[in-house]
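Single-letter residue listing:
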Amino acid sequence: QVQLVESGGGLVQAGGSLRLSCIASGSIFSPNVMAWYRQAPGNQRDLVTTIISDGSTNYADSVKGRFTISRDNAKNTVYLQMNSLKPEDTAVYFCNYKPFGSYSRRLEAWGQGTQVTVSS
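A brief look at the structure comes next. Remember, predicted model here, so these are calculated numbers, not experimental data. Note that residues are indexed from 1 along each chain, following the sequence as it is written. Only residues with pLDDT of at least 70 are given local features in this predicted model, and only at 80 or more are side-chain atom pairs given and counted; all residues enter the totals for whole chains, interfaces and linings. Remark: hydrogens and water are excluded; side-chain values derive from all non-hydrogen atoms of the structure.

With respect to the pairing of strand E4 (residues 32-39)
This is how it is decided: Think of it in three bands: with a 1.4 Å probe and only protein chains considered, a residue is buried below 20% of the maximum accessible area for its type, exposed above 50%, and partly exposed in between. Secondary structure elements are taken from DSSP: a helix is a run of H or I of four residues or more, a strand is a run of E of two residues or more, and numbering for both begins at the N terminus. Two strands make a pair as long as DSSP finds a minimum of two bridges between them.
The element E4 is extensively covered by neighbouring structure, given that 7 of its 8 residues are classed as buried. Taken together, the 8 bridges between E4 and strand E9 (residues 91-99) define a ladder with antiparallel strand orientation. Its bridge partner lying in E9, Asn32 is registered against Pro99. Inspection of the sheet shows E4 paired to strand E5 (residues 46-52) by 6 bridges, in the antiparallel sense. Its bridge partner lying in E5, Arg38 is registered against Asp46. Counted between consecutive antiparallel strands, the loop separating E4 from E5 contains 6 residues, among which Gly42 sits at a positive phi close to 80°.

Structure representation (structure tokens):
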């Protein structure tokens, strides 16, 4: 019911920056939680950061101080600003949506993923 489209991935040198975007469309509940996950080859998909409709955020310790999540509710868009990138940040990054307080997978949505590669 909700569709997510990510963009902004690419190849960058260590220490560089990248900005990811995720545009949501469809039947969007409010309030909701938007999140970024990432998955490296052979690894589980890990939560990177979340943002609620009111702007409240949380970050994984591995990215705290380097990544910033933000959202523009009028545009139904969430962003991930990634600074001081490290090779260990290399992964496919996925956008995720769910209504706030919902535990039903049926209401979740995932983007197709965008590749981020950080060279050493």
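Some remarks on the state of the cysteines
Rules: What counts as a disulfide here is a pair of cysteine sulfur atoms lying within 2.5 Å.
Here the structure, examined in full by the defined rule, presents 1 disulfide. The partner cysteine of Cys22 in its disulfide is Cys95, sulfur to sulfur 2.1 Å. The sign of the S-S torsion, about -85°, decides the handedness of the disulfide formed by Cys22 and Cys95: left-handed. A residue pair is termed long-range when its members are at least 10 positions apart, and Cys22 in strand E3 (residues 18-26) and Cys95 in strand E9 qualify at 73 residues. Judged by relative accessible area, which is 0%, Cys22 ranks as buried.

Overview of the nonpolar core
Filter applied, for reference: We define the nonpolar core as a collection of buried residues of types Ala, Val, Leu, Ile, Met, Phe, Trp, Tyr and Cys that are connected through side-chain atoms lying within 4.5 Å of one another. Contact between two residues is taken to exist if any of their heavy atoms lie within 4.5 Å; hydrogens are not considered.
Ranked by internal contacts, the top residues of the largest apolar core, which has 25 residues, are Leu4, Trp36, Met82 and Tyr93. Mapped by element, the contributors of at least two residues to this core are strand E1 (2-7), E3, E4, E5, strand E7 (67-72), strand E8 (77-82), E9 and strand E11 (114-119). Sequence-distant contacts of Tyr93, defined by excluding residues within four places in its chain, comprise Glu6, Leu20, Trp36, Tyr37, Arg38, Val48, Phe67, Leu80, Met82, Gly113, Thr114 and Val116.

Let's talk about unusual backbone geometry
Note the cis peptide between Ser30 and Pro31, where omega equals 0°. Along the chain, the position of Pro31 falls in the loop between E3 and E4. One non-glycine residue with positive phi stands out, namely Asn76, at about 50°. Turning to its location among the elements, Asn76 is positioned in the loop between E7 and E8. Of the residues examined, Asn76 reaches a relative accessible area of 36% and is grouped as partly exposed. The backbone of Ser84 sits at a positive phi, close to 50°, despite the residue not being glycine. Within the element layout of this structure, Ser84 appears in the loop between E8 and E9. Take Ser84: its relative accessible area is 41%, and that puts it in the partly exposed class.

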